[in-house]
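The primary structure of each chain is shown beneath.
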Amino acid sequence: WTVFFVGKRNEGSQGDFPQVIGARPWVAGLDEGWSIAFSGTSGALGSHYADGQAGHDVPQVVSSTPLSLDTFQVWQVEENRGLGTTAFAVGGVFDRWLYTPMPVAAIEPTEAVSIGREMGGANTRRASMDLAEVLIYGRVLGAAESDTVAGYLSGKYALPLVQNVNVAPTAVLTSPVSGA
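Everything numeric in this text was worked out from a predicted model, so none of it was measured.

What counts and how
- Residues numbered from 1 in each chain as written.
- Predicted model: local features only at pLDDT ≥ 70, side-chain atom pairs only at ≥ 80, totals over all residues.
- Heavy atoms only, no water.
- pLDDT = per-residue confidence, 0-100.
- Helix = DSSP H or I, 4+ residues; strand = E, 2+ residues; numbered from the N terminus.
- Core = buried A, V, L, I, M, F, W, Y, C linked by side-chain atoms within 4.5 Å.
- Buried < 20%, exposed > 50% of the residue type's maximum accessible area, 1.4 Å probe, protein only.
- Contact = heavy atoms within 4.5 Å.
- Salt bridge = Lys/Arg side-chain N within 4 Å of Asp/Glu carboxyl O.
- Polar contact = N/O pair within 3.5 Å; in protein donor to acceptor, adjacent residues only side chain to side chain.
- Phe/Tyr/Trp six-rings, centres within 6.5 Å; stacked < 30°, edge-to-face > 60°.
- Pairing = 2+ DSSP bridges.
- Axes fitted to C-alpha atoms, helices over the stretch in contact; angles between N-to-C directions.

**A closer look at the confidence of the model for the protein**
Any residue range with low pLDDT should be treated as having predicted coordinates unsuitable for detailed reading.
Alright, step 1. For the protein, the mean per-residue pLDDT works out to 88, and 89% of the residues sit at or above 70.
Alright, step 2. Within the protein, the lowest mean pLDDT, 87, falls on strand β10 (residues 114-115), and the highest, 97, falls on strand β7 (residues 73-80).

**So, the nonpolar core**
Alright, step 1. Judged by nonpolar contacts, the single largest core of 21 residues is most densely connected at Phe5, Val20, Ile36 and Leu45.
Alright, step 2. The set of elements that each furnish at least two residues to this core consists of β1 (2-9), β2 (19-23), β3 (33-38), β4 (44-50), β7 and β8 (85-90).
Alright, step 3. Excluding its chain neighbours within four sequence positions, the residues that come into contact with Ile36 are Trp1, Val3, Phe5, Gln19, Val20, Ile21, Leu45, Gly46 and Val77.
Alright, step 4. Judged by nonpolar contacts, the second largest core, of 8 residues, contains Phe4, Leu141, Val149 and Leu159.

**Some words on the pattern of salt bridges**
When charged atoms on two side chains of opposite charge get close, those side chains can pair.
Alright, step 1. Evaluated as defined, the whole model comprises 5 salt bridges.
Alright, step 2. Residue Asp31 is joined to Arg24 by a salt bridge in which the shortest nitrogen-to-oxygen separation is 3.4 Å. Arg24 matches Asp31 in its accessibility class, with the two residues each being buried.
Alright, step 3. Asp57 is the salt-bridge partner of Arg24, the closest N and O atoms lying 2.7 Å from each other.

**Things to note about the side chain of Asp31**
Alright, step 1. Inspection of the secondary structure puts Asp31 in the loop between β2 and β3.
Alright, step 2. On the basis of relative accessible area, Asp31 is assigned to the buried category, the value being 7%.
Alright, step 3. A distance of 2.7 Å separates a polar atom in the side chain of Asp31 from the backbone nitrogen of Trp26.
Alright, step 4. Setting aside its immediate chain neighbours within four residues, Asp31 contacts Arg24, Pro25, Trp26, His48, Ala50 and Gly52.

**Some words on the packing of aromatic side chains**
Alright, step 1. For the structure on display, the rule yields 4 aromatic pairs.
Alright, step 2. Each ring, one from Trp1 and one from Trp34, has its centre 5.2 Å from the other, and the planes form 50°; the classification is tilted. Of this pair, Trp1 sits in the segment before β1 while Trp34 is found in strand β3, placing the two residues 33 residues apart along the sequence.
Alright, step 3. Pairing Phe4 with Tyr137 gives two aromatic rings, centres 6.3 Å apart and planes at 80°, and the pair type is edge-to-face. In this pair, Phe4 sits in strand β1 while Tyr137 sits in strand β11 (residues 129-137), placing the two residues 133 residues apart along the sequence.
Alright, step 4. Clustering of aromatic rings is evident, with ring pairs tying together Trp1, Trp34 and Tyr49.

**Observations regarding the environment of Gly138**
Alright, step 1. Mapping Gly138 onto the fold places it in the loop between β11 and α1 (143-156).
Alright, step 2. Given a relative accessible area of 82%, Gly138 falls into the exposed group.
Alright, step 3. Counting along the chain gives 137 residues from Gly138 to Trp1, while the straight-line C-alpha distance between them is 4.6 Å.

**Here we look at the sheet that holds strand β9 (residues 93-99)**
Alright, step 1. Spatial ordering of the open sheet is given by β9-β8-β7-β1-β11, a layout of 5 strands whose pairing is antiparallel. Two strands lie at the open edges of the sheet, namely β9 and β11, each paired on one side alone. Strand-to-strand twist of the sheet, defined as the mean angle between neighbouring strand axes without regard to direction, takes the value 15°.
Alright, step 2. Running at roughly 150° to β11, α1 makes contact with β1, β7 and β11 of the sheet.

If you want it as structure tokens, here you go:
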């Protein structure tokens, strides 16, 4: 899956990983479901993706850059089950790419998809944040699609965007010398 969101965190979040969006009960580390949450202390985004028996939880899979306290940002979080990777991007630039444990079985969350609500479980989690838009895709997007969505959101909210530019390579023959 791929999730894009435009948001910023505020002071006053509660719990170790207040949720941005997701569907999981927050009772055990491998709860069946998925979520994107941020560290209550550092602001780094974490991704949860598990089938109840295997997968990964938010403390193990986090972004390098924190969700901003000051300005809105365009974030992309991608779980690629086929490659076994999780990727984070902010402002159109990849922030972190990790090989991660992936669920083995089908994921059938028991919880509804929720945005930033108070969660139960080991400790109460409540996200204090401003969220402008969320887009969820049930698949991994190609590079051109990701750039298009990030560009659309950045333009819509007048946010900075640095897109990856695919520059054609150049070659110079140095041997043999010309005429040889």
